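One-letter residues, chain by chain:
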Amino acid sequence: QVQLAESGGGLVQAGGSLRLSCAASGSIFSIDRMGWYRQAPGNQRELVALIFSGGSTVYADSVKGRFTISRDSAKNTVSLSMNSLKPEDTAVYYCNVMFGSFSRNYWGQGTQVTVSS
């Protein structure tokens, strides 16, 4: 059993910052990648950022230069620092972990981020 515990969502004004964190626990081995996705009302879930086991990162074009993903491999945690937030960043943010040569895929329960204009 794998659990992903997310924290750090909330309400912030445009231009502000938030930091999301996700801690993975349970029967986890050889994490391949960790990351964040988001889903706004009426939209499909979309990629925000990924960080791979070797440290490489991928970002959605819409967040490049504003968001930074980081990982603590020893603690199986992943964080997302979000700066210069915009109202269009409003969404439920989901933590995602893949491991076992990408054979296992788990999601967190989601945390709401609301950016007011």
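Up top is the structure.
**Considering the sheet that holds strand β1 (residues 2–7)**
As summarised here, the arrangement of the four strands in space is β1-β3-β8-β7, forming an open sheet in which the pairing is antiparallel. Two strands close off the open sheet at either side, each with one partner strand: β1 and β7 (67–72). In this sheet, neighbouring strand axes are inclined to one another by 15 degrees on average, regardless of whether the strands run parallel or antiparallel. Judged from the six bridges that link them, β7 and strand β8 (residues 77–82) form a sheet pairing that is antiparallel. Looking at the pairing, Ser70 lines up with Ser79 of β8.

**Some thoughts on the side chain of Ser79**
Along the polypeptide, Ser79 turns up in strand β8. Using a relative accessible area of 9% as the deciding quantity, one classes Ser79 as buried. In this structure the side chain of Ser79 is engaged in a polar contact, spanning 3.4 Å, whose partner is the side chain of Arg19. Discounting residues that sit within four places of it in the chain, Ser79 has contacts with Arg19, Leu20, Ser21, Trp36, Thr68, Ile69 and Ser70.

**A few points about the pattern of salt bridges**
Pairs can form between side chains of opposite charge once their charged atoms are near each other. All chains considered together, the criterion is met by four salt bridges. Here Glu46 ties to Arg38 by a salt bridge, and the two come within 2.7 Å at their closest N and O atoms. Assessed through its relative accessible area of 37%, Glu46 is described here as partly exposed. With a closest N to O distance of 2.8 Å, Arg66 and Asp89 form a salt bridge. Placement of the pair is Arg66 in the loop between β6 (57–59) and β7 and Asp89 in the loop between β8 and β9 (91–99), with a sequence separation of 23 residues. Neither Arg66 nor Asp89 differs from the other in exposure class; each is buried.

**Remarks on the nonpolar core**
With 31 residues, the main nonpolar core has Trp36, Leu80, Met82 and Tyr93 as its most contacted residues. Contributions of two or more residues to this core are made by β1, β3 (18–26), β4 (31–39), β5 (46–52), β7, β8, β9 and β11 (111–116). The biggest single contributor to this core is β9, with five residues. The residues contacting Met82, other than those within four sequence positions of it, are Gly16, Ser17, Leu18, Leu20, Arg66, Phe67, Tyr93 and Val113.

Calculation notes
- Residues numbered from 1 in each chain as written.
- Predicted model: local features only at pLDDT ≥ 70, side-chain atom pairs only at ≥ 80, totals over all residues.
- Heavy atoms only, no water.
- Pairing = 2+ DSSP bridges.
- Helix = DSSP H or I, 4+ residues; strand = E, 2+ residues; numbered from the N terminus.
- Axes fitted to C-alpha atoms, helices over the stretch in contact; angles between N-to-C directions.
- Buried < 20%, exposed > 50% of the residue type's maximum accessible area, 1.4 Å probe, protein only.
- Polar contact = N/O pair within 3.5 Å; in protein donor to acceptor, adjacent residues only side chain to side chain.
- Contact = heavy atoms within 4.5 Å.
- Salt bridge = Lys/Arg side-chain N within 4 Å of Asp/Glu carboxyl O.
- Core = buried A, V, L, I, M, F, W, Y, C linked by side-chain atoms within 4.5 Å.

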